[in-house]
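# What the coordinates show
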Amino acid sequence: MIEEEKYEIVVKTKEPFRVGGTKDPLSGAENPVTVVGGRVVIPGPSLKGALRAEVERYLVEMYYDKANEGWPAEKRPLQPCIPAPSLSPDEKELVKKQRYRGDACHYPCKQKCGNEDHMICPACYLLGAQGLNGFLRVPFLYSEVSAGELYSTRIDRAKGVVAESANRRFQVVPDSSVFKGVLTIVKNDFVRGLEFGKPRVLRERTAGDRWLELGEWNTKQIIDKLVLERLKNIKLLGGFKSKGFGGVEITVTRITVPQG
Ligand SMILES: [Zn+2]
Ligand SMILES: [Zn+2]
């Protein structure tokens, strides 16, 4: 038997949203909105990426020692990783300043990890690391907007705004469009021996969920602070932020299932 908690996520766009494939031809950034089966959707990975960034930011703001410009040794298990196989120069700088771990979380540790086993960070505990599932299932968010209701526009390169006319046309979702989906948190999975908020029993080589052994975080705090508050805190989706695209307002509501 699996015990789950479900939450309805409603995303309302505050600005026009670009629709597109995975890459934006101008900025090279990911588009947060796409069309699936004639309906406009925010793909799960877009929302997951935004949630992850919020969780990371929260942990850094909470635990990073600004005065000494380092991560306190006793709080090391709470330091988020950068979940990428190779780091950009900017990301390397963040690791150098100890805002982030240098290694992306993974399971199990291999020979190349050396003598020290790696831990799983809180963000990867919730959202998954390489080789290990997380406890959250982040949904695709569907809108009532059909592909036919999109309007075409173009981006003014110089001003970074939506221009009135001319070539380079892109489809745009009007602002105040509403997208909905259901987030699932796995609370208890008896078969796989998983209990949310507890360190997992992992048989292969790893330092595991050590952040949960510090005794600072219980299940309710994790759901409230690291999941629900972080979701509601997302103000932007996608990579078009600096150009006035992607502003959102998110509400999250617990779905209670009648006992029967
Ligand atoms: Zn991680
Ligand atoms: Zn390792």
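For the structure itself, look to the data block above.
Here's a quick rundown of the structure.

What counts and what doesn't
Residues numbered from 1 in each chain as written. Chains lettered and ligands numbered in written order. Predicted model: local features only at pLDDT ≥ 70, side-chain atom pairs only at ≥ 80, totals over all residues. Heavy atoms only, no water. Helix = DSSP H or I, 4+ residues; strand = E, 2+ residues; numbered from the N terminus. Buried < 20%, exposed > 50% of the residue type's maximum accessible area, 1.4 Å probe, protein only. Contact = heavy atoms within 4.5 Å. Areas by Shrake-Rupley, 256 points an atom, 1.4 Å probe, with all protein chains shown as cover. Donors = N, O, S within 2.8 Å, 3.2 Å for Na, K, Ca; no water. Tetrahedral: all angles 85-135°; square planar, octahedral: opposite > 155°, others 65-115°. Axes fitted to C-alpha atoms, helices over the stretch in contact; angles between N-to-C directions. Parallel < 35°, antiparallel > 145°, perpendicular 65-115°, else oblique. Left-handed = near helix turned anticlockwise from the far one by under 90°. Nonpolar A, V, L, I, M, F, W, Y, C, P; charged D, E, K, R; others polar. Patch = residues over 30% accessible without salt bridge, like charges linked within 9 Å, V, L, I, M, F, W, Y side chains within 5 Å. Salt bridge = Lys/Arg side-chain N within 4 Å of Asp/Glu carboxyl O. Core = buried A, V, L, I, M, F, W, Y, C linked by side-chain atoms within 4.5 Å. Pairing = 2+ DSSP bridges.

### Notes on the overall build of the chain
When its secondary structure is counted, the chain shows 4 helices and 12 strands. Within the chain, the proportion of its 260 residues that are buried is 45%. The long-range fraction of contacts in the chain, counting pairs at least 24 apart against all pairs at least 6 apart in sequence, stands at 67%. Total accessible area on the chain stands at roughly 14,100 Å², and carbon and sulfur atoms take up 49% of it.

### Remarks on the coordination of the zinc ion (ligand 2)
Within the protein, the atoms that donate to the zinc ion (ligand 2) are His106 (NE2), Cys109 (SG), Cys113 (SG) and His118 (ND1), at distances of 2.0 to 2.3 Å. Around the zinc ion (ligand 2) sit 4 donor atoms, and with donor-metal-donor angles ranging over 100 to 118 degrees the site reads as tetrahedral. By relative accessible area, which is 7% here, Cys109 ends up buried.

### Comments concerning the coordination of the zinc ion (ligand 1)
At this site the zinc ion (ligand 1) is bound by Cys81 (SG), Cys105 (SG), Cys121 (SG) and Cys124 (SG), with donor distances of 2.2 to 2.3 Å. Around the zinc ion (ligand 1) sit 4 donor atoms, and with donor-metal-donor angles ranging over 102 to 118 degrees the site reads as tetrahedral. On the primary sequence, the residues serving as donors to the zinc ion (ligand 1) are separated as C-x23-C-x15-C-x2-C. With Cys105 in the loop between helix 2 (89–96) and helix 3 (122–127) and Cys124 in helix 3, this residue pair connects regions lying 19 residues apart in the sequence. Across this residue pair, the class does not change: Cys105 and Cys124 are buried.

### Some words on the packing of helix 1 (residues 44–63) against helix 4 (residues 219–233)
It is the contact of helix 1 with helix 4, at a shortest axis distance of 9 Å, that shows an interaxial angle of 115 degrees. Relative to helix 4, the element helix 1 lies roughly perpendicular. Helix-helix and strand crossings are classified by hand; for helix 1 and helix 4 the assignment is right-handed. Contacts from Leu47, Leu51, Glu54, Val55, Tyr58 and Leu59 of helix 1 reach helix 4 at Lys225, Leu226, Val227, Arg230, Leu231 and Asn233. Residue composition of the contact of helix 1 with helix 4, grouped by class: 8 nonpolar, 1 polar and 3 charged.

### Digging into helix 2
An α-helical turn contains 3.6 residues, so any two residues separated by three or four positions project in the same direction. Counting buried positions along helix 2 yields 0 of 8 residues, so the element is predominantly exposed. At the C-terminal side of helix 2, Gln98 shows a positive phi close to 65 degrees.

### Brief notes about a nonpolar patch on the surface
Residues Val36, Phe140 and Tyr142 make up a contiguous nonpolar surface patch of about 240 Å² in total accessible area. Structurally, Val36 can be placed in strand 3 (residues 34–36). Judged by its relative accessible area of 37%, Val36 falls in the partly exposed class.

### As for unusual backbone geometry
For the peptide bond that leads from Tyr107 to Pro108, omega is -10 degrees, which places it in the cis range. By secondary structure assignment, the location of Pro108 is in the loop between helix 2 and helix 3.

### Comments concerning the nonpolar core
Core analysis: the biggest nonpolar cluster contains 57 residues, and Val11, Leu126, Leu183, Trp217, Leu226, Leu231 and Ile234 have the highest contact counts within it. Within the residue set of this core, elements represented by two or more residues are strand 1 (2–13), strand 4 (39–42), helix 1, helix 3, strand 6 (141–146), strand 10 (178–189), helix 4 and strand 12 (248–255). Those residues in contact with Trp217 that sit more than four places away from it in its chain are Tyr58, Met62, Tyr63, Leu78, Trp211, Leu212, Ile222, Lys225 and Leu226.

### Overview of the pairing of strand 4
Of the strand pairs in this sheet, strand 3 and strand 4 are connected by 3 bridges, and their pairing is antiparallel. Paired with Val36 across the strands is Arg39, a residue of strand 4. Between the antiparallel neighbours strand 3 and strand 4 lie 2 residues, among them Gly37 with a positive phi of about 55 degrees. When strand 4 meets strand 6, the two strands line up antiparallel, connected through 3 bridges. Paired with Ile42 across the strands is Leu141, a residue of strand 6.

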